[in-house]
Amino acid sequence: SHLEEKTQWEHPKSGKRKRVAGGLPYGWEQETDENGQVYFVDHINKRTTYLDPRLAFTVEDNPVKPTTRQKYDGNSTAMEILQGRDLSGKVVIITGANSGIGFETAKSLALHGAYVILACRNMSRGNDAVQRILVEWHKAKVEAMTLDLASLQSVQHFAEAFKSKNVPLHILICNAAVFGAPWCLTEDDLESTFQVNHLGHFYLVQLLEDVLRRSSPARVVIVSSESHRFTEIKDSSGKLDFSLLSPSKKEYWAMLAYNRSKLCNILFSNELNRRLSPHGVTSNSVHPGNMIYSSIHRNWWVYTLLFTLARPFTKSM
């Protein structure tokens, strides 16, 4: 550390520790300055340095298992986090996996041996995503299946098709979402943002709960957002206001609808974990990062502009 003028023996990210082996090289001496800082004098080349010359000969010093906070930070990638893990035999479903965060997650899990099912509304894009993964590793076990969260019937058909495969389900990642979408009703007469972001996933988990239990230890991961903090779903008396969840066109505001759906994600995940964790199925909601540049902002050019301006300051896909 040139700022503190001393040698740091613990790696700040990995937590690994090093120690010097043996004495100083020939011609070197260790001294202490008036401030108590250790420095080194090279009598042969007539120079002084705070850098320990034995750094070239260090050995592992009983490495301590690092905490998660030490290992990973805002620059960590999915591939780094999965490094060294063998997910062979694990079965994963990821909704909205043909692009963005869903695709990167699917690719990373598949390249580490998992059998990954890309649950996509558009099968053409889903198959393209499968091919992009296979180009990176031709032995990857990936498959695309049709799932339209805006249709509860489609959710039911997907669950039935998956169950017919007679395979376990170890990880279910509810990733698909719409953002900034104009008001419209689904075929189930529900506001589309609420149904796609929350209710469709809620129904999917209910239909696959028995498979998750049989596959324990298993997990559900629901991609939510920090924006859940900027809304409320209660009325003035403190009770749940169902009219806020699927509002009429007159009461609709795209950003508010998105925030409410993300709040529903978190409340659902918390309750799901409370009910299923005793059976070996855990549930977590996750905030993927602020304004990550993906295709989620495609519904309105203003959002696209905002995401473009923020892109240099946010985490890259």
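Everything numeric in this text was worked out from a predicted model, so none of it was measured.

Draft legend 1. Representation of the nonpolar core. Ranked by size, the top nonpolar core spans 31 residues in total, and within it Ile-93, Phe-158, Phe-162, Leu-169, Leu-172, Leu-208 and Val-220 carry the most contacts. Mapped onto this core, the elements with two or more residues apiece are β6 (91-95), β7 (115-120), α5 (152-163), β9 (171-174), α6 (192-214), β10 (218-223) and α8 (254-276). A total of 7 residues in this core trace back to one element, the largest contributor, which is α6. Excluding anything up to four places from it in sequence, Leu-208 contacts Ile-93, Ala-159, Phe-162, Lys-163, Leu-169 and Leu-172. Of all hydrophobic cores here, the second largest spans 21 residues; its members include Leu-87, Ala-114, Cys-120 and Ile-133.

Draft legend 2. Structural view of the sheet that holds β6. Sheet architecture is open: 6 strands sit in the order β8-β7-β6-β9-β10-β11, paired in parallel fashion. Sheet topology places β8 (141-146) and β11 (281-286) at the edges, where each strand pairs with a single neighbour. With direction set aside, neighbouring strand axes in the sheet form an average angle of 15°. Pairing geometry for β6 and β9, over 3 bridges, is parallel. Counterpart to Ile-94 in the pairing with β9 is Ile-173. Against the sheet, α5 makes contact with β6, β7 and β8, and its axis sits at roughly 145° relative to β8, the strand it touches most. On the sheet, α6 packs against β6, β9, β10 and β11 and is oriented at approximately 175° with respect to β9.

Draft legend 3. Seen up close, the packing of aromatic side chains. Applying the stated criterion to the full structure yields 3 aromatic pairs. Aromatic pair Phe-202 and Phe-268: ring centres 4.9 Å apart, planes at 55°, arrangement tilted. Highlighted residues: Phe-202 in helix α6 and Phe-268 in helix α8, separated in sequence by 66 residues. Its end group placed over the ring of Phe-103, Arg-132 keeps NZ or CZ at 3.9 Å from the ring centre.

Draft legend 4. The arrangement of the sheet that holds strand β4 (residues 47-49) in detail. One open sheet holds the 3 strands; their spatial order is β2-β3-β4, and the pairing between them is antiparallel. Because the sheet does not close on itself, it has two edges, and the strands there are β2 (28-32) and β4. Across the sheet, the axes of successive neighbouring strands diverge by a mean angle of 25°, strand direction being ignored. Inspection of the sheet shows β2 paired to strand β3 (residues 38-42) by 5 bridges, in the antiparallel sense. Each bridged residue has a counterpart across the sheet, and for Thr-32 the counterpart in β3 is Val-38.

Draft legend 5. Molecular detail of the environment of Asp-33. Looking at the element boundaries, Asp-33 is found in the loop between β2 and β3. Residue class for Asp-33 comes out buried when judged on its relative accessible area of 14%. Within the local environment of Asp-33, its side chain forms a polar contact with the backbone nitrogen of Gln-37, the two atoms lying 2.8 Å apart.

Draft legend 6. Broad picture of unusual backbone geometry. Look at the link from Ser-216 to Pro-217: it is a cis peptide, with omega at 5°. The phi dihedral of Asn-166 is positive, around 55°, even though this residue is not glycine. Backbone geometry at Asp-189 places phi at a positive 60°, although glycine is not the residue there. You can call Asp-189 exposed: its relative accessible area is 59%.

About the thresholds
Residues numbered from 1 in each chain as written. Predicted model: local features only at pLDDT ≥ 70, side-chain atom pairs only at ≥ 80, totals over all residues. Heavy atoms only, no water. Core = buried A, V, L, I, M, F, W, Y, C linked by side-chain atoms within 4.5 Å. Buried < 20%, exposed > 50% of the residue type's maximum accessible area, 1.4 Å probe, protein only. Helix = DSSP H or I, 4+ residues; strand = E, 2+ residues; numbered from the N terminus. Contact = heavy atoms within 4.5 Å. Pairing = 2+ DSSP bridges. Axes fitted to C-alpha atoms, helices over the stretch in contact; angles between N-to-C directions. Phe/Tyr/Trp six-rings, centres within 6.5 Å; stacked < 30°, edge-to-face > 60°. Lys NZ or Arg CZ within 6 Å of the ring centre and 35° of its normal. Polar contact = N/O pair within 3.5 Å; in protein donor to acceptor, adjacent residues only side chain to side chain.

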